[in-house]
Protein chains: 2
Amino acid sequence: MADSKPLLSLDWDPVAAEALLRDVFGIVVDEVVWKGTRATEKCHYSIKKGAAFLGLGTDSVRVVMADERGKMIPEDLERQISLAEAEGVVPFLVSATSGTTVLGAFDPLEAIADVCQHHGLWLHVDAAWGGSVLLSQTHRHLLDGIQRADSVAWNPHKLLTAGLQCSALLLRDTTNLLKRCHGSQASYLFQQDKFYDVALDTGDKVVQCGRRVDCLKLWLMWKAQGGQGLERRVDQAFALAGYLVEEMKKREGFELVMEPEFVNVCFWFVPPSLRGKQGSLDYSGRLAKVAPVLKERMVKEGSMMIGYQPHGTRGNFFRMIVANPALTQADLDFLLDELERLGQDL
Amino acid sequence: MADSKPLLSLDWDPVAAEALLRDVFGIVVDEVVWKGTRATEKCHYSIKKGAAFLGLGTDSVRVVMADERGKMIPEDLERQISLAEAEGVVPFLVSATSGTTVLGAFDPLEAIADVCQHHGLWLHVDAAWGGSVLLSQTHRHLLDGIQRADSVAWNPHKLLTAGLQCSALLLRDTTNLLKRCHGSQASYLFQQDKFYDVALDTGDKVVQCGRRVDCLKLWLMWKAQGGQGLERRVDQAFALAGYLVEEMKKREGFELVMEPEFVNVCFWFVPPSLRGKQGSLDYSGRLAKVAPVLKERMVKEGSMMIGYQPHGTRGNFFRMIVANPALTQADLDFLLDELERLGQDL
């Protein structure tokens, strides 16, 4: 089963497209700031929504195939660009993902950057979820190539658990791009005759006007934990996810969707009545009904909150995110025991 | 001197415009949610910025004249609509303001609603700042006609001092418009097979994905203070603003920009060297340089923070917002004394 990835294109003539590029770059990029967080895998939720809000229309978003693990296939990106150009439209941005929402997949950024470089396309990396991995010497190789991106979105409120909301947009551009694209020079709000450097007033660059100082959370956390403290958080999350996977393999009621490469542990709980019935025709359909029932039970019990979702042709499965630095192996043992307890009659 | 007000129009053909109306309504309306807060007076900061982000382009925003107090002139709105239609473009939304940022002006909503009704235009009221006045039996007449609006934006984090950010969008529509316009049905985030009414999951209606539960602040505050408690806040703010104005009239160094109708007290501090020189040619230019100097001094002193801005042909003046429910007359006396002290050598 293949996933798909977004490639943005404009179906206007090259002159109009060029005139729009500057604005659109800023806009699409900033969209990642206000959207918050979601990966582009499968439904392209934020990218398509952004295209709709920006007036580009959702048809401007083209999907690129991904492999079974949810990683973009660079050869298909190349193919989609050729197809788009053959139709006379002008591709301008590729949105790759480092750490997709459901499977936690990391796209092959070096190969994608090669394609972007060859065609002169803006490379955006949605590292909202996976960007924090860069803090780990052990695991940062997952993002090899991200240094070639034109823009990167990163949410420290995810893996690093800064308070909601804390979103960073990193740009290669050093010419004050956001100011040039979005600045509206409202002199009644952003006075130019202040006694300090007014370049410090960043409000005019962004969508919102009244907003919280979210960057302070990251700064404080980094000061308090240090780079090594944050690295430990990331490494511990990987280690605990690995522990959970190994424990699942020891129990007969758990079936992994795949070996995780990140801290997304995707699995089915197979209740007693379905064990050994993998070959039956209605197995998948019945298995897909298990997660909603267990979710209802755990919520009403008040014992846990684990998300589930369908994904492509796969029916509902749980997605356990092992990220909270306060988690221990005992918590994960509890999780497995509790699922078995809640699902023993199913 | 006249201000100007925004009138949005689309310079596309009627069929295309009609197809866009549904999306655009939702989008422009929601823009008021994410922009936060600013009034449309003079620079049309948020409206123009929204039009740029939405891909409509800032040229789609037409300005309507306002009177000396910053109130929209309905006759000019009528004239602008005729002009737009004569050019073959399709007006679709009028953004009126209840409580402009600088002057605190309330547009004549009844007359504007008449125009909108006559032409079939969406009436949006940006009541971000002034909407809280509805809680006061004494002052709510300032918003007469707001019940005819199609959409209203209101920021309880302003006059009611809920914690940043707390923005409400009120819609006349009861057919789940935002869901229909913005929903992108990301099944991996917004599962439909939950055990409770999934209409309670509002996330798919809005721009952001990961976001705080800002409405809780309003709910808690309202529960804690009651309608009467919040009404007292509003009435007290009006009373204190009136006190400040009367005290200013007793001191020779203060010149009001106008009698306020809201809690925005706009004034110049006239330093000793400029008193009695109103007739001199360079008076306005020299007066405009006073506020930035005083602002620098109060900030470095750490004693106060009062905003200033130019406005139309008026040079820099202070805009004291009397809103904090903890303010007392003594605080306002201090403000006046402190300005006199900081400006005595100017």
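Residues numbered from 1 in each chain as written. Chains lettered and ligands numbered in written order. Predicted model: local features only at pLDDT ≥ 70, side-chain atom pairs only at ≥ 80, totals over all residues. Heavy atoms only, no water.

Rules: UniProt positions are given in the numbering used here, feature names are shortened, and annotations may be inferred rather than shown by experiment.
If you look chain A up in an unreviewed UniProt entry, it shows as Cysteine sulfinic acid decarboxylase from Molossus molossus. Heading Sequence similarities (unreviewed entry) of the UniProt record for chain A holds this comment: "Belongs to the group II decarboxylase family." Of chain A, the UniProt comment under Cofactor (unreviewed entry) reads exactly: "pyridoxal 5'-phosphate".

### As for the pattern of salt bridges
Here is the rule: A side-chain nitrogen of Lys or Arg and a carboxyl oxygen of Asp or Glu constitute a salt bridge if their distance falls within 4 Å. Where helices and strands are cited, they refer to DSSP runs of H or I of at least four residues and of E of at least two residues respectively, numbered from the N terminus. The buried label goes to any residue with under 20% of its type's maximum accessible area, the exposed label to any with over 50%, and the partly exposed label to all in between, with areas taken from a 1.4 Å probe on protein chains only.
Going through the model one piece at a time under the given rule, you end up with 40 salt bridges over all chains. With a closest N to O distance of 3.5 Å, E246 of chain A and K249 of chain A form a salt bridge. In this pair, E246 of chain A and K249 of chain A both sit in helix α6 (residues 215-250), 3 residues apart, roughly one turn of the helix. In this structure K249 of chain A comes out as partly exposed when scored by relative accessible area, which is 46%. Residue D282 of chain A pairs with R286 of chain A through a salt bridge whose shortest N-O separation is 3.9 Å. Looking at R286 of chain A, the relative accessible area reads 36%, which means it is partly exposed. Residues joined by salt bridges that share partners form a network here, namely K49 of chain A together with K179 and D204 of chain B.

### Re the sheet that holds strand β10 (residues 314-321) of chain B
Residues and elements named next belong to chain B. What counts is decided by this rule: Two strands are counted as paired when DSSP detects at least two bridges linking them. The convention used is that axes are lines fitted to C-alpha atoms, helices contributing only their stretch in contact, and that angles between N-to-C directions extend from 0 to 180 degrees.
Taken together, 4 strands build an open sheet; the order of strands is β7-β8-β10-β9 and the sheet is antiparallel. One side of each edge strand has no neighbouring strand; the edge strands of this open sheet are β7 (254-256) and β9 (307-311). Taken over all neighbouring pairs, the strand axes of this sheet differ in orientation by 45 degrees on average, direction set aside. Bridge count for β9 against β10 is 4 bridges, and the pairing is antiparallel.

### Regarding the UniProt feature "modified residue: N6-(pyridoxal phosphate)lysine" (unreviewed entry) in chain A
Under the UniProt annotation, the feature "modified residue: N6-(pyridoxal phosphate)lysine" (unreviewed entry) is placed at K158 of chain A. Turning to its location among the elements, K158 of chain A is positioned in the loop between β5 (151-154) and β6 (168-171).

### Details of the nonpolar core
Let me state the cut-off plainly: To form a nonpolar core, buried Ala, Val, Leu, Ile, Met, Phe, Trp, Tyr and Cys residues must be joined to one another through side-chain atoms within 4.5 Å. Here a residue-residue contact requires only that any non-hydrogen atoms of the pair lie within 4.5 Å.
L123, L159, L244, V265, F318, M320 and L339 of chain A are the most contacted members of the largest nonpolar core, which has 82 residues in total. Of the residues forming this core, the biggest block, 12 residues, is contributed by α6 of chain A. Aside from chain neighbours lying at most four places away, what touches L159 of chain A is W129, S132, V133, V234, A237, F262, V263 and A323 of chain A. Counting residues in each nonpolar core, the second largest holds 76 residues, with L135, L240, A323 and L335 of chain B among its members.

### A word on helix α3 (residues 74-86) of chain B
Formally: Expected helix span is given by 1.5 Å per residue-to-residue step, counting one fewer step than there are residues.
The first and last C-alpha atoms of α3 of chain B sit 18 Å apart over 13 residues, in line with the 18 Å expected at 1.5 Å per residue. After α3 of chain B finishes, the residue G88 of chain B shows a positive phi value of roughly 85 degrees.

### Some thoughts on the pairing of strand β4 (residues 122-126) of chain A
Residues and elements named next belong to chain A. The cut-off we apply is this: The crossover handedness rule: strands pointing away from the viewer, path from first strand over the helix to second strand clockwise, crossover right-handed.
Of all 5 residues in β4, 5 are buried, a share of seventy percent or more. Residues W122, H124 and D126 point to one face of β4 and L123 and V125 to the other, with burial holding for every one of them. Bridge count between strand β3 (residues 90-97) and β4: 5 bridges; the pairing is parallel. Among the inter-strand pairings, S95 is bridged to a residue of β4, identified as H124. Running through helix α4 (residues 109-119), the crossover from β3 to the neighbouring parallel element β4 is right-handed. Alignment of β4 against β5, held across 3 bridges, turns out to be parallel.

### Some details on the environment of P108 of chain A
Residues and elements named next belong to chain A. Counting through the fold element by element, P108 comes out in the loop between β3 and α4. The sequence separation of P108 and T97 amounts to 11 residues, and the corresponding C-alpha distance is 9.0 Å. Excluding residues that lie within four positions of it along the chain, P108 makes contacts with K71, M72 and P74.

### Some thoughts on the packing of aromatic side chains
Operational definition: Note on ring pairs: Phe, Tyr and Trp rings are taken, using the six-membered ring of Trp, and paired if centres are within 6.5 Å. Classes follow the plane angle, with under 30 degrees stacked, over 60 edge-to-face and the rest tilted.
Counted according to the given criterion, the structure contains 18 aromatic pairs over all chains. When the centroid spacing of 5.4 Å and the interplanar angle of 90 degrees are considered together, the rings of F195 of chain A and Y196 of chain A count as edge-to-face. Classification of F195 of chain A as partly exposed rests on a relative accessible area of 32%. Between the aromatic rings of F254 of chain B and F267 of chain B, the centroid separation amounts to 5.9 Å while the plane-to-plane angle is 50 degrees, which identifies the pairing as tilted. Pair noted here: F254 of chain B is in strand β7 and F267 of chain B is in strand β8 (residues 264-269), with a separation of 13 residues, a long-range link.

### Describing the pairing of strand β5 (residues 151-154) of chain B
Residue and element names in this part refer to chain B. Taking every second residue as pointing to the same face, both faces of β5 are buried, with S151 and A153 on one and V152 and W154 on the other. Alignment of β5 against strand β6 (residues 168-171), held across 4 bridges, turns out to be antiparallel. Paired with A153 across the two strands is L169, which belongs to β6.

### As for helix α4 (residues 109-119) of chain B
All names here are of chain B. Definition in use: In this description, the arc belongs to the directions extending from the helix axis to the C-beta atoms.
Along α4, the positions that sit buried rather than exposed are L109, I112, A113, V115 and C116. All buried residues of α4 project into a common sector of 160 degrees when viewed along the axis, lining one side. Facing away from the buried side of α4, by more than 90 degrees, are the exposed residues Q117 and H118. The elements touched by buried residues of α4 are α3, β3 (90-97) and β4 (122-126).

### Digging into the environment of Q278 of chain A
Residue and element names in this part refer to chain A. This is how it is decided: Within 3.5 Å is the distance limit for a polar contact, defined as a pair of N or O atoms, with the added protein rule that one can donate a hydrogen and the other accept it, and that residues adjacent in sequence qualify only through two side-chain atoms.
Mapping Q278 onto the fold places it in the loop between β8 (264-269) and α7 (283-288). A relative accessible area of 44% places Q278 in the partly exposed class. Residues Q278 and K194, spaced 84 residues apart in sequence, show a C-alpha to C-alpha distance of 71 Å. Discounting residues that sit within four places of it in the chain, Q278 has contacts with E255 and Y283. A polar side-chain atom of Q278 sits 3.2 Å from the main-chain amide nitrogen of G276.

### A few points about the sheet that holds strand β10 (residues 314-321) of chain A
The strands making up a sheet associate through hydrogen bonds between their backbones, and the pairing can be parallel or antiparallel. Residues and elements named next belong to chain A. With antiparallel pairing, the 4 strands of this open sheet are ordered in space as β7-β8-β10-β9. Across the chains shown, the open sheet's two edge strands, defined by having one partner strand only, are β7 (254-256) and β9 (307-311). Along the sheet, successive strands turn relative to each other by an average axial angle of 45 degrees, direction set aside. Inspection of the sheet shows β7 paired to β8 by 3 bridges, in the antiparallel sense. When the sheet's bridge partners are listed, F254 is paired in β8 with F269. Relative to the sheet, α6 contacts β7, β8 and β10, its axis offset from that of β8 by approximately 20 degrees.

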